[in-house]
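Fold and geometry: a report
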Amino acid sequence: MNQTIQQVLIQKLLAMADDELILAHRNSEWIGHGPILEEDIALANIAQDELGHANIWYGLVESFTGVEPDEMVFFRDTADFLNVQLVELSRGDWAFTMLRQYLFDAYELLLLDKLQHSSYRPLAEACAKIRNEEIYHLRHTSNWIKRLGLGTEESNQRTQAALDELWPYAQQLFVLLPGESVLVEEKIVPDLAALHEDWLERVRPFLTAANLTIPTNQTPPTSRNEHTPHLTNLLSDMQKVARLNREAVW
Amino acid sequence: MDTSTITTEQIWQALAQVKDPEIPVVSVVEMGIVRDVTINGDAVRVTMTPTFSGCPALDVMRRDIETAVRQLGIKNVTVVTVLHPPWSTDWISDEAREKLRQFGLAPPQKHGGDLISVAFLDVAECPRCGSKNTTIKNSFGPTLCRMIYYCHDCQDAFEQFKPL
């Protein structure tokens, strides 16, 4: 693998890892606050799965850079993170949380399906494993979206409000990283434009059937280097203990 | 023990004593977590694979596997984790399935590689009374590998090992 391709691949893996890490952290904020005990447990499970996936992606980055996952997670600053803004927004209400997770799960399952055929073997192998776990996430969140969208007037309104807010952010999942097209040419990652079409084909009719209206505004944030103040707040919370004493043994 | 005469069978036997930390009635061998054991001179290499990739018991299992091999007098032990081929609940031995049931955990349905075909059917047999009159309550449970069902005959909840 030549140097240019490797550099872009590292950025791509980091972006995938950061998406999962930050989303997992946001979901973990519900622990002890879920609407019912079973949902508290379910969301904790989903967060733990996503953390496990992030750990795999960080591990692949480490195989190139030698930088350990903990170092990447606890000692990078806001500007170094490559997650989409979708995952860093404050946790919101239950409708917002479920809808964000649904939009992400639908994207992730499609992405993993394609990445199973990546020409970069470690990535293909990891995706074959993770994909099966993701099936359970999508099932869970799609059940919730149906329940909320078709539930009471209030649950529908809250889910619609979440969709209005989240829809443009979700489109950022399909924005190419600088130089990403070389990875597509090398068949390391799938073409995001085609993936976007697949995603829209699945998500749009599903949301419509749940009595939700697809927003017309779909201009996404453009760069994964740009973040909202929400990420800084999240990181100061997540990294606080690790930064108190760098030498501490866990 | 003279480590120069140790065989892979002896190592497999030692590993068969290493329990799954979250389900202490089955071993890491019965669960299909240990994939391979090789001896090269005085070096032993054990290949393992995670069940669920975020499983917090993974590090404990890795350590327990290493300890079990060291207890045979072997100093040079490497435990490698691989993700391929992806672990499947189909790899859990029939004997272990029965142990899971006796432990109170309904064994996962076999899916032969087509997970979606069983993941959406939600069929689980109550491990206490054998009833199939059961309903899924939550596809997530107290650990990543369990889901929660309700048995209408026992009128009580039970857990199933999640098919993967």
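Here, every reference points to the structure presented above.
Anyway, here's the lowdown on the structure attached to this text. (Residues numbered from 1 in each chain as written. Chains lettered and ligands numbered in written order. Predicted model: local features only at pLDDT ≥ 70, side-chain atom pairs only at ≥ 80, totals over all residues. Heavy atoms only, no water.)

**Side note on the environment of Lys187 of chain A**
Residues and elements named next belong to chain A. Structurally, Lys187 can be placed in the loop between helix H8 (181-185) and helix H9 (192-209). Lys187 gets classed as exposed once you look at its relative accessible area, which sits at 61%. Sequence separation between Lys187 and Ser118 is 69 residues; the distance between their C-alpha atoms is 6.0 Å. When sequence neighbours within four positions are dropped, the list of residues in contact with Lys187 reads His117, Ser118 and Ser119. (Helix = DSSP H or I, 4+ residues; strand = E, 2+ residues; numbered from the N terminus. Buried < 20%, exposed > 50% of the residue type's maximum accessible area, 1.4 Å probe, protein only. Contact = heavy atoms within 4.5 Å.)

**Some details on the sheet that holds strand E6 (residues 105-106) of chain B**
Residue and element names in this part refer to chain B. What the four strands build is an open sheet, ordered E6-E9-E8-E7; its pairing is mixed. The strands lining the two open edges of the sheet, one partner per strand, are E6 and strand E7 (134-138). As paired elements, E6 and strand E9 (residues 156-161) share two bridges and run parallel to each other. Within E9, the position partnered with Ala106 by the bridge is Gln160. (Pairing = 2+ DSSP bridges.)

**Side note on the packing of helix H1 (residues 8-15) of chain B against helix H2 (residues 58-70) of chain B**
Residue and element names in this part refer to chain B. In the contact formed by H1 and H2, the axes pass within 9 Å of each other and the chain directions differ by 130°. Classified by the angle their axes make, H1 and H2 are oblique. You can see that H1 and H2 cross each other, and the crossing is right-handed. The segment H1 lies against H2, with Ile11, Ala14 and Leu15 engaging Ile65, Ala68 and Val69. Here the residues of the contact of H1 with H2 sort into six nonpolar, no polar and no charged. (Axes fitted to C-alpha atoms, helices over the stretch in contact; angles between N-to-C directions. Parallel < 35°, antiparallel > 145°, perpendicular 65-115°, else oblique. Left-handed = near helix turned anticlockwise from the far one by under 90°. Nonpolar A, V, L, I, M, F, W, Y, C, P; charged D, E, K, R; others polar.)

**A short note on the packing of helix H6 (residues 121-149) of chain A against helix H7 (residues 153-171) of chain A**
Residue and element names in this part refer to chain A. For the pair H6 and H7, interaxial distance at closest approach is 7 Å and the crossing angle is 120°. Considering their axes alone, H6 and H7 lie oblique with respect to each other. Residue-level contacts link Arg147, Leu148 and Gly149 of H6 to Ser155, Asn156 and Thr159 of H7.

**Thoughts on unusual backbone geometry**
The omega torsion of the bond from His84 of chain B to Pro85 of chain B falls at -5°, within 30 degrees of zero and hence cis. For Pro85 of chain B, the position within the fold is in the loop between strand E5 (76-81) and helix H3 (94-103). Of note, Lys187 of chain A is a non-glycine position whose phi angle comes to about 60°, a positive value.

**What about the layout of surface pockets?**
Its volume calculated, the largest pocket comes out at about 1400 Å³. Residue lining of the largest pocket: 37 residues in total, with Leu51, Gly52, Asn55, Ile56 and Pro69 of chain A positioned closest to the centre. Broken down by secondary-structure element, the contributors of at least two residues to the lining of the largest pocket are helix H1 (3-28), helix H2 (37-65), helix H3 (69-74) and H6 of chain A together with H2 of chain B. Ranked by residue count, the leading element in the lining of the largest pocket is H2 of chain A, at 12 residues. In terms of residue class, the lining of the largest pocket is made up of 22 nonpolar, nine polar and six charged. (1 Å grid on protein atoms, 1.4 Å probe; cavity = no way out; pocket = protein on both sides within 12 Å on 5 of 7 lines; lining within 4 Å. Points joined across faces, edges and corners; volume = space filled by probe spheres on them.)

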